[in-house]
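A look at the structure
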Amino acid sequence: MTQAGGSIGADERPVAVTAQGELCFSGRAERGGFALQVTVRVAPGESLAVLGPNGAGKSTLLRALAGLTPLTAGHIELDGVVLDDPSAGVLVPPEQRRVGLVFQGYRLFPHLSVRDNVAFGPRSAGLPRRASRAAADEWLARLDLTALAARRPRELSGGQAQRVALARALATDPALLLLDEPMAALDARTRLEVRATLREHLRHFAGPVVVVTHDPLEAMVMADRLLVLEGGRTVQQGRPADVARRPATDYVARLVGLNLYAGTVAADAGGEPGLHVALSGGGRLYAAGLPTSGLDGGAAVPGSRVLVAVRPAAVSVHLQRPGAGSPRNVWPGRVAGMEPSADRVRVQVRGEPDVLVDVTPAAVAELALRPGLDVWVSVKATELDVYPEP
Amino acid sequence: MTHRRRRGHHGAPWPLGLPALAGAAFLLVPLVGLLQRAPWSALPQLLTDPAVAQALRLSLVSATAATLIGMALGIPLAWVLARVRLPGVNLVRALITLPLVLPPVVGGVALLMAFGRRGLLGQYLYEWSGFSLPFTTAAVVLAETFVAMPFLVITVEGAFRGADRDLDEAAATLGARRMTVFRRVTLPLVGPSVVAGAVLCWARALGEFGATITFAGNFPGRTQTMPLSVYLALESNPDAAIALSLVLLLVSVAVLVAMRTRWLRAGGVS
């Protein structure tokens, strides 16, 4: 997990340090009173998903990369070329950047056919009409759009329009590909189909790919690495599996469906070889020994701040206080809400701490779970993942 | 009962209905009068008069020239007014729409003061080339452009303002320079409004009277356009005046029909 860099001053002027084909963004962009400040690198062939709630700065990041919103500090470098560096007075305009952008909503030209939409880039690069159409036809064939070449954008389905937008961006032979909420305009069923084909096409792209999304599943499926933004700052960065397992903020925890608690390591472990964590929101949790907790010795020092993640499926719910048993964490609570999903029911239990519990519909029936019911919950100490607060 | 109820639903209360009827009649009766007094049998002979043909040709040529100049200057002007954010742009917008409300005669006088032999610019033109603009066919075109171009500018400016800037951005990310974006994206998207503005401009130029007679005078074959010859013929030969008026009426109706069916509905004219 990498934190956002500090303020980027003129004295930290970048030298060309990017590897061939690599993207390096380290800067500040402002848009309508909002400031984005992040540092991120994306290797060629790697895809980075930028995840975050609305207003986190995801689109601003893409706009800065495309040159539509200039940086106010810092720099952007792509394949060894500085694209934006206000302190050096460098700003390459969008039309001179080798950056392909698939806009949210696609922004196809309504007055041009699908073929001419895709040929627009090559034509703007100076290719004659015939040659640019030939180049477009090649991309149309590659994205299975040949049959639609003569259509106007308004005659396309959402999935088709998305592929046209992708073909149009790729036809400019970009060194960097950006996708802004590529699935947002699609209905749920189309989304499934399109996600698979999109991932396939992205895999063939040689340069860095940045996908902006607010859908965690989309991010996990399409990206090699995640960057989570909140309020214009990086709150977490890492491999999808790591982010999913060890969320750094409540926002990420909610996205990946985990219980997340912040707390401090308590001085008294009760003579046991594990770890007591006093939770900031009230309550205590007991985690198993250091090897499972993943904390190194230093971070386990009493008083150090940690996060505890618990899968809802690892929590059990009981009508009475469970008697002698292996779970080391047992506390009372009251059912606050129940929400069915696919093959299970997610039960919200208010207590110290609050917890989400996944149970089967059969268990709900058997225990007669309903909002307002007083219950006990238990979690085994080995199911707790404790890691340092970033 | 039923009858009354139906009237109540579909009719208008008389304080609105009566003035509405009077208003419609007031606008239509003069046209009926024109048609009723038309010398239908003598029409072919009147309209084939070489003088009429001359005036008609001059009108068509000068109105078309004024429209072309209006487009060449007005479309870029509309773009700047819609897209450039500089102090003073709003003032310029207000001033260039002035000819819309200015009495055309005043426009003609102003043109004389600017382009006359001793005018603001005209004096230099005369010194340099010995050419004096007033009372020439060029002056007719100039007068018509002055009066008609604002119609095109405000129509097209509204369209540029409403046009989707997002598409301009998309074009830029595809490598199009700003002029290419204008030529291949912005302009085609406001095409219907450009056509509508050009038609309005042309129709206004075709009917121009006050600025033309003031700045260009009334010389048959050179500066005497249709409206001028209608006005003059009314004293000497009323039948000819009516015949000429019918031609202008026909052109106006054709323009209106074309605008309604083709562009006003489909295009982005507001």
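Residues numbered from 1 in each chain as written. Chains lettered and ligands numbered in written order. Predicted model: local features only at pLDDT ≥ 70, side-chain atom pairs only at ≥ 80, totals over all residues.

All right, on to the overall build of chain A then. Within chain A, the secondary structure is distributed over ten helices and 21 strands. C-alpha extents for chain A along the principal axes are approximately 80 × 55 × 35 Å. Out of the 390 residues in chain A, the part that is buried amounts to 43%. For chain A, restricting intrachain contacts to residue pairs at least 6 apart in sequence, the fraction spanning at least 24 positions comes to 66%. (Helix = DSSP H or I, 4+ residues; strand = E, 2+ residues; numbered from the N terminus. Buried ≥ 20, exposed ≤ 12 C-beta atoms within 10 Å, placed from the backbone. Contact = placed C-beta atoms within 7 Å.)

Looking only at helices and strands, one finds 15 helices and zero strands in chain B. Its C-alpha atoms give chain B principal-axis dimensions of about 65 × 65 × 30 Å. Counting only residues that meet the buried cut, chain B has 35% of its 270 residues in that class. Here the analysis covers contacts within chain B between residues at least 6 apart in sequence; of these, 76% occur between residues at least 24 apart.

Counting residues in hydrophobic clusters, the biggest one holds 148 residues, and the most contacted among them are A:Leu65, A:Leu178 and A:Val308. Counting residues per element, this core draws most heavily on helix 9 (residues 137–162) of chain B, which supplies 15 residues. Looking at this core, you find at least three residues from each of domain 1 (10–108 + 156–250) and domain 2 (259–388) of chain A. Beyond its immediate chain neighbours, meaning those up to four positions away, A:Val308 contacts A:Tyr261, A:Gly263, A:Val277, A:Leu285, A:Ala287, A:Leu384, A:Asp385 and A:Val386. Core analysis: the second largest hydrophobic core is formed by nine residues, B:Ala55, B:Ala240, B:Ile242 and B:Ala243 among them. (Core = buried A, V, L, I, M, F, W, Y, C linked by C-beta atoms within 7 Å. Domains from an automatic or database assignment.)

What follows deals with helix 3 (residues 129–142) of chain A. Residue and element names in this part refer to chain A. Here helix 3 contains 14 residues, and its C-alpha end-to-end distance of 20 Å stays within 8% of the 20 Å for a straight helix at 1.5 Å per residue. Regarding helix 3, the residues found buried are Ser132, Arg133, Ala135, Ala136, Trp139 and Leu140. Down the axis of helix 3, the buried side of the element spans an arc of 160°, and every buried residue falls inside it. Turned more than 90 degrees from where helix 3 packs its buried face, Arg130 and Ala141 sit exposed. Where helix 3 is buried, its residues meet helix 2 (114–124) and helix 4 (158–170). Aspartate 144 lies just past helix 3 and shows a positive phi near 60°. (Expected span 1.5 Å × (residues − 1). Arc of directions from axis to C-beta.)

On to the sheet that holds strand 3 (residues 47–51) of chain A, then. Residues and elements named next belong to chain A. Spatial ordering of the open sheet is given by 7-8-9-3-10-11, a layout of six strands whose pairing is mixed. Strand pairing shows two members of the sheet lacking a second neighbour, strand 7 (99–102) and strand 11 (233–238), which therefore form its edges. Between one strand axis and the next, the sheet turns through 20° on average, direction left out of account. Across five bridges, the pairing between strand 3 and strand 9 (residues 209–213) is parallel. Looking across to strand 9, one finds that leucine 48 is bridged to valine 210. (Pairing = 2+ DSSP bridges. Axes fitted to C-alpha atoms, helices over the stretch in contact; angles between N-to-C directions.)

Residue and element names in this part refer to chain A. Here we have five strands laid out as an open sheet, ordered 2-1-4-5-6, and antiparallel in their pairing. Looking at the sheet topology across the chains shown, the edges are occupied by strand 2 (34–42) and strand 6 (90–91). Judged from the two bridges that link them, strand 5 (residues 81–85) and strand 6 form a sheet pairing that is antiparallel. Bridge pairing links aspartate 85 to valine 90 in strand 6. Packing of helix 1 (residues 58–66) onto the sheet brings it into contact with strand 1 (23–31), strand 2 and strand 4 (71–78), and relative to strand 1 it is tilted by some 115°.

Further remarks concern the domain arrangement of chain A. All names here are of chain A. Each domain of chain A was delimited in the assignment, giving domain 1 (10–108 + 156–250) and domain 2 (259–388). Between domain 1 and domain 2, the C-alpha centre-to-centre distance is 36 Å. Each partner contributes to the interface: domain 1 provides four residues, whereas domain 2 provides four residues. Here the side of domain 1 that touches domain 2 is composed, by residue class, of one nonpolar, no polar and three charged. (Nonpolar A, V, L, I, M, F, W, Y, C, P; charged D, E, K, R; others polar.)

Attention now goes to the interface of chain B and chain A. Counting residues at the interface gives 15 residues for chain B and 16 residues for chain A. If you list the elements that add at least two residues to the side of chain B that touches chain A, you get helix 10 (165–173) and helix 11 (178–189) of chain B. Counting residues per element, the side of chain B that touches chain A draws most heavily on helix 10 of chain B, which supplies seven residues. Within the side of chain B that touches chain A, the residues separate by chemical class into nine nonpolar, three polar and three charged.

To continue, consider the pairing of strand 5 of chain A. Regular strands show a simple pattern: their side chains alternate between the two faces of the sheet. All names here are of chain A. Sheet topology note: the strand 4/strand 5 ladder contains three bridges and is antiparallel. Of the residues in strand 5, the one forming a bridge with leucine 78 is valine 81. The turn linking strand 4 back onto strand 5 is made up of two residues, and aspartate 79 within it adopts a positive phi angle of 50°. Following strand 5, the chain reverses through four residues before pairing antiparallel with strand 6; glycine 89 in that reversal takes a positive phi of roughly 70°.

Here four bridges tie strand 16 (residues 315–318) of chain A to strand 20 (residues 374–379) of chain A, and the two strands are oriented antiparallel to one another. The partner of A:His318 across the bridge, within strand 20 of chain A, is A:Trp376.

The next subject is the environment of A:Val211. Residues and elements named next belong to chain A. Structurally, valine 211 can be placed in strand 9. With 186 residues separating them along the chain, valine 211 and phenylalanine 25 place their C-alpha atoms 15 Å apart. Apart from residues lying up to four places away in sequence, valine 211 is in contact with Ser47, Ala49, Val50, Leu179, Pro182, Met222 and Ala223.

Here B:Ala196 lies in helix 12 (residues 191–206). In sequence terms B:Ala196 and B:Val156 are 40 residues apart; their C-alpha atoms lie 8.5 Å from each other.

All names here are of chain B. One way to put it is that helix 4 (residues 50–83) packs onto helix 9 with a least axis distance of 6 Å and a crossing angle of 35°. The way helix 4 lies across helix 9 gives a crossing that is right-handed. The class makeup of the residues in the contact of helix 4 with helix 9 is 20 nonpolar, five polar and four charged. (Left-handed = near helix turned anticlockwise from the far one by under 90°.)

We now examine unusual backbone geometry. Residues and elements named next belong to chain A. Cis peptide bonds are those with omega within 30 degrees of zero, and the linkage from glutamate 352 to proline 353 qualifies with 0°. A positive phi angle, near 55°, is found at alanine 368, a position not held by glycine. Here alanine 368 lies in the loop between helix 10 (361–367) and strand 20.

The next thing to look at is the packing of helix 4 of chain B against helix 12 of chain B. Residues and elements named next belong to chain B. Put simply, helix 4 and helix 12 touch, their axes get as near as 9 Å, and they point 140° apart. Viewed along their axes, helix 4 and helix 12 adopt a mutual orientation that is oblique. Pair helix 4 / helix 12 crosses with right-handed handedness. In this structure, helix 4 uses Ser59, Ala63, Thr64, Ala66, Thr67, Gly70, Met71 and Ile75 to contact helix 12, whose residues at the interface are Val194, Ala198, Cys201, Trp202, Ala205 and Leu206. Split into classes, the residues belonging to the contact of helix 4 with helix 12 amount to ten nonpolar, four polar and no charged. (Parallel < 35°, antiparallel > 145°, perpendicular 65-115°, else oblique.)

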